[in-house]
Amino acid sequence: MKPIKGDLQTMKEMNRAAILRLFHRKGTLTRVEIAKLAHLTPTTVSSQVDELIREGFIDELGKTDTTTVGRKAVQLEITRSKGYVIVIGLGGQSFTCALVNFHGEIVHVDVVPSMHGNDAVRRYLSEAIPRLMKQSGIAELARIKGISIVSPGIIDEQSGTIKLSRGLQLSEFSVQAHLADVYDCVIEVVNDMNASVFAEYYYGLNAAYRNVIYVSVEEGIGAGIIINEQIYAGSNGAAGEIGHTIVDAGGMLCKCGNRGCIETVLTMPYMLQRAQLAAREAAVAAGASASGSAGVEAGAGVDVVLPQHFDEVLALYEQGAEWLQPMMHQAAQVMSQLMATIYNFMSPEKLIIGGWPSRSDTFMQEVKRRLDAFPFPTETGSSRFVFKSVEQHQILAGAATWLLQDVFGGVHFSQRYS
Ligand SMILES: [Zn+2]
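Parameters and conventions
Numbers given for residues are sequential positions, taken from 1 along each chain in its written order. Selection of residues for local features in this predicted model requires a pLDDT of at least 70, selection of side-chain atom pairs for listing and counting requires 80 or more, and totals for whole chains, interfaces and linings are taken over all residues. The side-chain figures draw on all heavy atoms in the structure; neither hydrogens nor water molecules are used. Counting from the N terminus, the helices are the DSSP runs of H or I reaching at least four residues and the strands are the DSSP runs of E reaching at least two. Each residue gets one of three labels from its accessible area relative to the maximum for its type: buried under 20%, exposed over 50%, partly exposed in between, using a 1.4 Å probe on protein chains only. In this description, contact between two residues means that some pair of their heavy atoms is separated by no more than 4.5 Å. In short, Shrake-Rupley with a 1.4 Å probe defines the accessible areas, and a residue's cover is counted only from the protein chains shown. Geometry of aromatic contacts follows a simple scheme: Phe, Tyr and Trp rings, the Trp one being its six-membered ring, pair when their centres are within 6.5 Å, and the pair is stacked under 30 degrees between planes, edge-to-face over 60, tilted otherwise. By the criterion adopted, a ring carries a charge over it if an Arg CZ or a Lys NZ lies within 6 Å of its centre and within 35 degrees of its normal. As a rule, N, O and S atoms within 2.8 Å of a metal are its donors, except that Na, K and Ca use 3.2 Å; water is not among the atoms, so sites may look incomplete. Any coordination sphere not matching a tetrahedral pattern (four donors, all angles between 85 and 135 degrees) or a square planar or octahedral pattern (four or six donors, opposite donors over 155 degrees apart, other angles between 65 and 115) is reported as irregular.

Engineer: What should I look at first to understand the overall build of the protein chain in this one?
Structural biologist: Counting secondary structure elements, the protein chain contains 12 helices and 16 strands. Within the protein chain, the proportion of its 418 residues that are buried is 51%. Put simply, of all contacts in the protein chain between residues at least 6 apart along the chain, 59% involve residues at least 24 apart. For the protein chain, the exposed area adds up to about 19,500 Å²; of that, 52% sits on carbon and sulfur atoms.

Pasting the structure below:
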């Protein structure tokens with residue numbers, strides 16, 4: 001299935017991809033409209049469209065009036081029922097196997113609890129796809145044009161290998177090779193942050209920008225990068241792995257063995273630990289005594305609550321808890337430095353913020369104040385950030401859209417980077 005290298009083939013692929021991208025954005029189109037919008041000759045459009053109809057990618061709809069040539073023009077649309085792709089999301093809580101039509105619409109979903117380890121996940125993948133097809137009433141394997149696996153961890157997207165996922169206990173797991181034994185279609189393995197940034201770019205921002213970066217801060221810190229409308233995964237799929245950048249020399253011990261990694265300042269597990277420490281110190285300073293896990297007893301009229309979950313930390317901060325201020329100031333400082341570094345280094349049109357910072361207005365106001373004080377060469381940095389807007393299920397739809405671009409373009413994922 002590999003495309004023949006050469007200028008003509010490349011040009012043909014580019015035209016084909018351009019036409020299918022247009023369909024993605026516009027819905028229905030006539031041949032005349034395609035020629036105009038894609039800046040292609042009518043002959044090129046005609047031969048490309050005929051081929052796409054033959055291969056079962058495009059359907060001819062009814063005829064419609066057109067004023068440009070004074071005769072009936074045929075409306076064309078990407079098929080809704082002739083071909084599909086399958087997207088499998090390997091999440092920490094559950095595995096989702098979704099059948100997606102060529103319009104990027106999820107038409108059937110099968111969800112099971114997460115499994116762990118190479119053997120269990122390999123077994124799951126072998127069973128999940130036939131089960132989904134059976135449930136959806138699709139008998140012919142030929143109608144499945146692509147499969148995408150979305151996984152957390154370090155993914156070598158060129159070889160389709162999950163190098164390491166601690167949460168799922170996967171290591172050197174060759175997903176692509178495993179599936180390619182059975183399925184003769186485009187097979188991709190995508191990092192979950194890359195699928196997320198593509199979904200944010202495509203659905204959240206309506207693909208109105210060419211360069212966007214998504215930073216999510218929750219249990220860990222991850223970043224996804226879109227450059228020129230393409231996911232940038234970096235060599236070995238390690239782009240965006242910013243969590244263990246040291247920002248607080250000699251600071252808190254990180255799980256990686258270093259001290260003061262950005263994760264120790266900004267992520268929820270470490271912030272909860274710091275908040276508990278700060279609560280105890282505040283209680284001691286106020287003359288109160290700690291009362292185990294139930295809370296810190298009030299003393300001398302000072303009420304210090306020992307938070308048990310990160311959401312409590314955030315709620316106490318929003319209520320203005322004084323004793324939380326030093327750690328939250330430090331977090332805001334580090335967050336704004338991170339964002340300023342991203343602006344200056346990559347100059348994205350939009351920086352999307354996800355995770356807990358997007359749930360705290362007070363925190364992001366503080367970050368914004370600090371960002372506005374940075375000397376940016378162009379417009380103020382704070383005007384370029386937006387919050388995450390895409391829901392979990394849309395991440396799979398994003399992965400499907402990314403996969404469909406490759407299926408339609410006839411380009412294998414690895415060739416994006418070669
Ligand atoms: Zn670290």
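Engineer: It is not clear to me how the packing of aromatic side chains should be interpreted in this structure. Could you clarify?
Structural biologist: Ring pairs (aromatic) are described by centroid distance and by the angle formed between their planes. Tallied over the entire structure, the rule returns 9 aromatic pairs. For the ring pair Phe57 and Phe102, a centre distance of 5.4 Å and an interplane angle of 15 degrees mean the geometry is stacked. Of this pair, Phe57 sits in the loop between α3 (42–54) and β2 (58–64) while Phe102 sits in the loop between β5 (94–101) and β6 (106–113), and the two are 45 residues apart along the sequence. For the pair Phe57 and Phe102, one class covers both residues: buried. Note on Tyr202 and Tyr203: the rings are 5.2 Å apart at their centroids and 80 degrees apart in plane angle, and the pair reads as edge-to-face. Judged by its relative accessible area of 14%, Tyr202 is buried. The class of Tyr203 is partly exposed, set by a relative accessible area of 26%. Ring pairing ties together the aromatic residues Phe198, Tyr201, Tyr202, Tyr203 and Trp402, which thus form one cluster. Across from the ring centre of Phe57, 5.7 Å away, lies the NZ or CZ of Lys145, which sits over that ring.

Engineer: Explain the coordination of the zinc ion here, please?
Structural biologist: For a metal with four tetrahedral donors the ideal donor-metal-donor angle is 109.5 degrees, while six octahedral donors give ideal angles of 90 or 180 degrees. Bound to the zinc ion are the protein donor atoms His244 (ND1), Cys254 (SG), Cys256 (SG) and Cys261 (SG), situated 2.0 to 2.3 Å from the metal. Coordination at the zinc ion is tetrahedral: its 4 donor atoms span angles of 103 to 120 degrees at the metal. By relative accessible area, His244 is classed as partly exposed at 37%. Take Cys254: its relative accessible area is 4%, and that puts it in the buried class.

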